[in-house]
Amino acid sequence: MDILFFKAAVAAYLVSAVAYGFSLTTRQVSAARAGAWFLFAAFFCHSASFFAHFAASAGRTPLASIYETLSLFVWAMTGAYLVLQFKTKTRVLGAFISPVAVVVMIFASVRLGGEVNLPDALRSSLVPVHVFLSVIGEALFVIAAAAAGMYLIQNRLIKNRGKRSLSRYLPSLQDLDRIHHVCLMAGFPVLTLGIFIGSIWARTAWGSAWQWDPKQVWTLAFWLSYAFLLHQRLAIGWKGHRAALFSVVALAVVIALFIAGAAFFPTVHRFA
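Cut-offs used in this document
Residues numbered from 1 in each chain as written. Predicted model: local features only at pLDDT ≥ 70, side-chain atom pairs only at ≥ 80, totals over all residues. Heavy atoms only, no water. Helix = DSSP H or I, 4+ residues; strand = E, 2+ residues; numbered from the N terminus. Buried < 20%, exposed > 50% of the residue type's maximum accessible area, 1.4 Å probe, protein only. Contact = heavy atoms within 4.5 Å. Areas by Shrake-Rupley, 256 points an atom, 1.4 Å probe, with all protein chains shown as cover. Expected span 1.5 Å × (residues − 1).

A.B. asks: Looking at this structure, I do not really get the overall build of the protein. What am I missing?
C.D. replies: Summing up its helical and strand segments, the protein has 9 helices and 0 strands in all. Order of helices (α) and strands (β) in the protein, N terminus to C terminus: α-α-α-α-α-α-α-α-α. Counting only residues that meet the buried cut, the protein has 49% of its 272 residues in that class. For the protein, contacts bridging at least 24 residues in sequence account for 78% of all contacts bridging at least 6. In the structure as shown, the protein presents an accessible area of about 13700 Å², 69% of it carried by carbon and sulfur atoms.

A.B. asks: It is not clear to me how helix α4 (residues 94–108) should be interpreted in this structure. Could you clarify?
C.D. replies: Count 3.6 residues to each turn of an α-helix, and residues three or four apart come out pointing the same way. Over its 15 residues, α4 extends 20 Å from the first C-alpha to the last, a length consistent with the 21 Å expected when each residue adds 1.5 Å. Listed as buried for α4 are Gly 94, Ala 95, Ile 97, Ser 98, Ala 101, Val 102, Val 104, Met 105 and Ala 108.

A.B. asks: Got a minute to help me understand the environment of Phe 50 in this structure?
C.D. replies: Mapped onto the elements of the fold, Phe 50 is located in helix α2 (residues 29–56). The class of Phe 50 is buried, set by a relative accessible area of 17%. Each C-alpha atom, one on Phe 50 and one on Leu 72, is 8.4 Å from the other, the two residues being 22 residues apart in sequence.

A.B. asks: Which parts of the structure should I look at to understand helix α3 (residues 66–88)?
C.D. replies: Relative to the 33 Å expected for 23 residues at 1.5 Å per residue, α3 spans 32 Å between its end C-alpha atoms, a close match to the ideal helical length. Judged by how many residues are buried, α3 sits mostly within the fold: 18 of 23 residues are covered. Positive backbone phi, at 60°, marks Lys 89, one or two positions downstream of α3.

Fair warning: the whole summary comes from geometry, so function is off the table for now.
Structure representation (structure tokens):
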């Protein structure tokens with residue numbers, strides 16, 4: 001049953017991405033509205049998949065493999081975005097969120113339902129809490145970067161008088177900067193708590209909170225980048241274009257580090 005709901009979620013994410021893309025090319029609000037409803041349907045099916053998967057996991061945490069974690073990331077990102085959309089009415093931002101959801105969900109489906117061998121270290125009750133908080137924090141930062149990316153596009157369009165029709169269709173610069181700020185403020189403490197709990201678990205499991213593991217280095221780089229950005233926003237007053245550009249570049253660099261680390265270096269975080 002969990003696989004059926006998962007496939008339905010992937011299909012709904014795909015339709016949502018197509019609808020959002022169509023809304024951007026045609027400047028039709030109705031298409032963005034349809035994309036939002038399909039995104040909500042995808043989140044509903046995805047949630048049902050998680051509940052069914054947890055019920056069938058026979059006491060095992062359903063967040064042990066990279067594929068389950070990626071699925072959680074999409075779920076958290078989509079849920080957080082839908083809340084923001086309801087609060088701010090910025091439906092078009094879903095054109096940046098839904099394609100990410102589709103790509104990650106397709107990758108997560110590669111090992112859907114596969115066997116997961118859990119080492120004793122992962123049987124701690126701290127593991128699902130660490131994973132859950134860390135992934136939610138990372139998902140909020142991705143939404144922040146998406147809002148920042150759309151801010152850069154909108155800022156460019158406003159300066160280019162030949163593109164005014166699309167500029168009127170996109171959210172205002174003020175709304176995009178506010179979403180960027182809210183996601184940063186919410187994601188940073190959540191990720192920090194997740195890292196802290198993970199360090200407690202690592203010290204218990206491996207005798208040291210720091211292993212120079214690629215995943216730890218990637219997470220630290222992620223945390224430091226956004227800690228710097230938050231400091232600059234709150235203490236120095238960074239807003240608008242400068243903060244948006246830093247957010248997008250920081251996310252791109254950290255993703256590159258994550259891919260390189262996962263591809264070329266061994267990691268104690270690879271469990272399936």
